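The chain contents come next:
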Protein chains: 2
Amino acid sequence: MQYEELAELGQQLRVDAVRAADAAGSGHPTSSMSAADLAAVLLAHHLRFDFDHPDHPGNDRLVLSKGHASPLLYALYRAAGAVDEEELLGYRTLGSRLEGHPTPRLPWVDTATGSLGQGLPVAVGMALAGQRLDRLPYRVYVLSGDSEMAEGSVWEAVEHAAYNHLDNLTLVVDVNRLGQRGPTRHEHDLDAYARRLHAFGWHTVEVDGHDVQAIDAAFAEARSTTRKPTAILARTRKGRGVEAVEDREGLHGKPLPDADEAIAELGGVRHTRVTVQAPPDGKVTTAVGDTTPAPPRYDPGDRVATRDAFGQALAAVGAARGRVVVLDAEVGDSTRAEVFAKEHPERYFECYIAEQQLVAGAVGLAARGYVPYAATFAAFLTRAHDFVRMAAVSRAGINLVGSHAGVAIGPDGPSQMGLEDIAMLRSVHGSTVLYPCDANQTARLTTAMADLDGIRYLRTSRGGTPVIYGPDEEFPVGGSKVLRRHDDDKVTIVAAGVTVHEALEAADRLAESGIRARVIDLYSVKPVDADTLNEAAGQTGCILTVEDHHPEGGIGDAVAEVFADGRPAPRMARLAVRNMPGSATPEEQLHAAGIDADSIAAAVTLLVERVVA
Amino acid sequence: MQYEELAELGQQLRVDAVRAADAAGSGHPTSSMSAADLAAVLLAHHLRFDFDHPDHPGNDRLVLSKGHASPLLYALYRAAGAVDEEELLGYRTLGSRLEGHPTPRLPWVDTATGSLGQGLPVAVGMALAGQRLDRLPYRVYVLSGDSEMAEGSVWEAVEHAAYNHLDNLTLVVDVNRLGQRGPTRHEHDLDAYARRLHAFGWHTVEVDGHDVQAIDAAFAEARSTTRKPTAILARTRKGRGVEAVEDREGLHGKPLPDADEAIAELGGVRHTRVTVQAPPDGKVTTAVGDTTPAPPRYDPGDRVATRDAFGQALAAVGAARGRVVVLDAEVGDSTRAEVFAKEHPERYFECYIAEQQLVAGAVGLAARGYVPYAATFAAFLTRAHDFVRMAAVSRAGINLVGSHAGVAIGPDGPSQMGLEDIAMLRSVHGSTVLYPCDANQTARLTTAMADLDGIRYLRTSRGGTPVIYGPDEEFPVGGSKVLRRHDDDKVTIVAAGVTVHEALEAADRLAESGIRARVIDLYSVKPVDADTLNEAAGQTGCILTVEDHHPEGGIGDAVAEVFADGRPAPRMARLAVRNMPGSATPEEQLHAAGIDADSIAAAVTLLVERVVA
């Protein structure tokens, strides 16, 4: 395209953004208009993408990090012939794929955006896939706002991209000077961004974001830059092209006051169809192997930490399946992900202490077809909560592993204890939450989670626990194990992880004094085994849950939800961590929290006496 | 002190760190030894602190961001005469204040650390207090590790500190080259850190971190630097002083293999007592006013968004109470925190789009005695989950406000919807969770939360809802309101926020067809009103919860916990957001999620039929 045509295309994108938001009665046209020339040049001259085959392995990737500028993205899809005018004007209506912020309901969108500062970190995962795994020359483009450069997650990604020499990654920052409530911190000071990015090792190009020739040259410069990612810093004007709104405050996230007038000012509706460059041929040949993993086997009676079993099982899954990759936040020696690192270093991604990049990297790798496991302390996964939440909106399939669960870690104290992780992961849409209590169970679940959909979470423990299951036992997701059962059971104790062993000890002690208690190992916290719990409720009439987690959102809540089906419910009680722990031994911690065998036995006795009384 | 004495003091701190970890059988002595000379010089020559009066307003602040180096901090307290040898050697034992990572159980610790990358962001809050509110010349020192510089939260703080010209803030980075599982990204490349910090506008000094004279000069340089924060980048060696461990991998977080030998090598146990400089006299005179707020009043029948009522009430609370401050993540126009900004600009802190800094800033301001309200979209508070969790460990009193709750926001789509926020905030230790449904209730709760302990959360809604309470109605925290009640109630509907209005409509419709349903407005989700729920359960036998939130960890779980007291429980059912929303109008969203009046009426009918059948 000639430069005049590119400028015209930019106007078309503006007009379409204005039209879409006007039809919807909401949306962010002014944020779309600032970036329209950048998008036009990218689409017409640089992007290599087969819109008919979004899964083409050679396709460049485009991540709209400033997801609120979705009208621009959808206008671009119309220009590419992928979306028609009718669909465009159905923006934000019930059932439309053209949501307020882009999601992978659209086949050309790899990752959902709309929580700012997430596009670049996820794109880093995609670019790593291209560089180290796919080994294909596709490029990853991120279109970002200037406001979101304040997010720390962006700087985790900036560091990670430069350190890994991701020259297949181009960040375009639409520096339109205006955030939501007023001017950004750096307004039009492009140098402020350039200095920071330079210091981290990026190549930068500063351009007038409305000069299509300069933009074209900047993209070419990015493509010819090696060993470094490039940031194109574009000075733009929000609402560009319509005087009533251009570069004015207070107009964020609102349709234009007079759309017809604006469209006329922009030169009217256009119907230019862009012929987008085809991607280069390419096939992923490096990720080989897809056989059935042989999980490690442990001898019942031995004492093994579930984190150890996880590490060993992970290495076995990796040996069998070439698309399994692992991400670490510089704690692989603690989570035991390092076992995988030693056997499969080419598929191990060290993210250093940057948990947002850890999870975002997993999302990016999943978008390229890999099966990522991202592991850190359960407590520190909270750092990436927003990324986990958005991963669910992205329909991403990722495995998260949190070690050092609960007060059972002992002397390190509360900052290191995962006590909210089950609540966090249960609340994520479509998630799976697994919490094994022994090594063989851990090995099986580590293997099984690879094939599930959505966000999968495995919670592991620091200290050793007795192996209580044989190595051939199976543990279906959504199941549970009844470990003690008697016709005369008066109470059912539901436990998981470390509390299973406390529950078994309590039940055995209680049996000696004539009180029979059923024990259920609820290793699958979500989905939960409603059938077994209902049966136990019917037969024992009383359920006691015991968990090394705060009382809210954990195992007690998971069990209670089973009985929220409108039918008569059993009596229930719950033991959980209600104190603020300090330092102490694991045994002292379990006792202080009231979740050890003594506490369980006392609670069961009380519950049984209450019924008798 | 002479430099020789300072070096000796450094050795004393090392010996004490070795002794403490050896006695405990766990801990991080090598991470303490690298920073011992930095700590010695700071304590003896620069820190102004009255250990007998930790609340002295003129005290400098010291934040040990690398919280795992707690033995160093406790050794420093011993050198200052604040902790004796016996207490030091009781490190990490049950009941000891000397926990594995520092917490404010120690009167000289302002904020808990141990989740890396949090010290600097919290310190920024303290430094802002000193600069803008207290207007006292205290300095805030942060001792940070090099590994944690990978956390994005650090760069949010770096940006924020420079932008605010916090020359009262000094960051000391103990660049010991070794992280937990191996070398850090930049190892001993001090320039790598200096370039980055410079680019953000910091003054930097690079020193040999074992040269006490150079360290002394660096602190002096930091104190004389104006208009910029200073970072002292210190090249150190992990395990410094003991050949068996110095600068060696694989020794993170472990007591020394031979403590006696190490102590001998370090020159033996010493008992130097440092006379720490007294803080300058000073009194906070700027935060005046502590009268009873007069919350805004709304007329029943009007339609007002709870976020609007929040903003207006916040301004009123600010007018009455001089220590109330507000933090915004560049969405004050949406959360309505901007109402406060207009009336009290000197107490309004714009954090831009950096939610971790938002919450950390609140924690820092709370540590200086202020009453912070930090507001953003409920969905985006997930970005700061780890900071909220740690704020609880810090025993911080902070108010968090999340707007745009649930699917009721309408067309913006799932990325903007708070659907996990109640789960997140309920699971935090000692938290309070409030979710008002009308403007007068919001105004009262906004006022009341200022006086609570711990983490307080207020959930507000985007769209207008009818005012259903009079302006003089009271809403005690831990209470609820019974809005429909009849002797013949067959079911109790428990709702909060937007679903209260749906529940009322459903109940009124059901009453017309002869089915009586009680309606409870559960505005206090935690603590929850067990008495009223128990009474309703006893009288109606069946409880239906309805919430604009995912089914896990929300109102359904909060209600279920009431009945986990071992006594017979009512029948229960719950309506919640189980779908993945797209874009649609608010009404369509509530309907699609099955939480509108139609859905409630249908569910009640089903529950009543089931009982009759």
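As recorded in an unreviewed UniProt entry, chain A goes by the name Transketolase, listed as coming from Streptomyces kanasensis. As recorded by UniProt, the Subunit (unreviewed entry) comment attached to chain A reads in full: "Homodimer." According to UniProt, the comment filed for chain A under the heading Sequence similarities (unreviewed entry) is "Belongs to the transketolase family."

**Thoughts on the interface of chain A and chain B**
Residue-level contacts link 109 residues of chain A with 109 residues of chain B. Where chain A abuts chain B, roughly 8,800 Å² becomes buried across the two surfaces, and 49% of that area is made up of carbon and sulfur atoms. Summed over the three residues of chain A that lose the most area to chain B, namely A:Arg181, A:Arg185 and A:Arg383, the buried surface amounts to 11% of that side. For the pair chain A and chain B, the interface holds 18 salt bridges. Residue B:Glu350 pairs with A:Arg181 through a salt bridge whose shortest N-O separation is 2.5 Å. Remark: the boundary between chain A and chain B carries 65 residue pairs in polar contact (both at pLDDT 80 or more).

**Remarks on the pattern of salt bridges**
Proximity of charged atoms lets side chains of opposite charge pair with each other. Residues and elements named next belong to chain A. The final tally for this structure, using the stated rule, is 86 salt bridges over all chains. Measuring nitrogen to oxygen at the nearest pair gives 2.8 Å for the salt bridge that ties Arg19 to Asp16. One end of the pair, Arg19, and the other, Asp16, are both in helix H1 (residues 3-24), three residues apart, so they sit about a helical turn from each other. Comparing Arg19 with Asp16, the two get one shared label, buried. Among the ionic contacts, a cluster of salt bridges with common partners joins Arg177, Glu187, Arg237, Arg240, Glu246 and Asp247.

**Things to note about helix H8 (residues 190-199) of chain B**
Most of H8(B) is tucked away, with seven of its ten residues classed as buried. The elements touched by buried residues of H8(B) are helix H7 (152-163) and helix H8 (190-199) of chain A together with helix H7 (152-163), strand S3 (169-175), strand S4 (203-208) and strand S5 (230-235) of chain B. B:Gly201, located one to two residues past H8(B), shows a positive phi value of around 105°.

**Considering the sheet that holds strand S12 (residues 455-459) of chain B**
Residues and elements named next belong to chain B. Strand order in the open sheet formed by seven strands is S8-S7-S9-S10-S12-S11-S17, and the pairing between neighbours is mixed. Edge positions in the sheet fall to strand S8 (348-350) and strand S17 (524-526), since each has one partner strand and no second. Pairwise comparison of adjacent strand axes, ignoring direction, gives a mean angle of 20° for this sheet. In this sheet, strand S9 (residues 371-377) lies alongside strand S7 (residues 324-328) in parallel orientation, the contact comprising five bridges. Note on S9: the bridge partner recorded for Val326 is Tyr373. In the packing of helix H14 (residues 355-367) onto the sheet, contacts are made with S7, S8, S9 and strand S10 (398-403), and the angle to S9 comes to roughly 170°.

**Details of the UniProt feature "domain: Transketolase-like pyrimidine-binding" (unreviewed entry) in chain A**
As recorded in UniProt, the sites labelled "domain: Transketolase-like pyrimidine-binding" (unreviewed entry) are residues 304-467 of chain A. Taken end to end, residues 304-467 of chain A has its terminal C-alpha atoms 7 Å apart, with 38% of it in helix and 21% in strand.

Cut-offs used in this document
- Residues numbered from 1 in each chain as written.
- Chains lettered and ligands numbered in written order.
- Predicted model: local features only at pLDDT ≥ 70, side-chain atom pairs only at ≥ 80, totals over all residues.
- Heavy atoms only, no water.
- UniProt positions renumbered as here; feature names shortened; annotations may be inferred.
- Contact = heavy atoms within 4.5 Å.
- Buried area = accessible area lost by both parts, 1.4 Å probe.
- Salt bridge = Lys/Arg side-chain N within 4 Å of Asp/Glu carboxyl O.
- Polar contact = N/O pair within 3.5 Å; in protein donor to acceptor, adjacent residues only side chain to side chain.
- Helix = DSSP H or I, 4+ residues; strand = E, 2+ residues; numbered from the N terminus.
- Buried < 20%, exposed > 50% of the residue type's maximum accessible area, 1.4 Å probe, protein only.
- Pairing = 2+ DSSP bridges.
- Axes fitted to C-alpha atoms, helices over the stretch in contact; angles between N-to-C directions.

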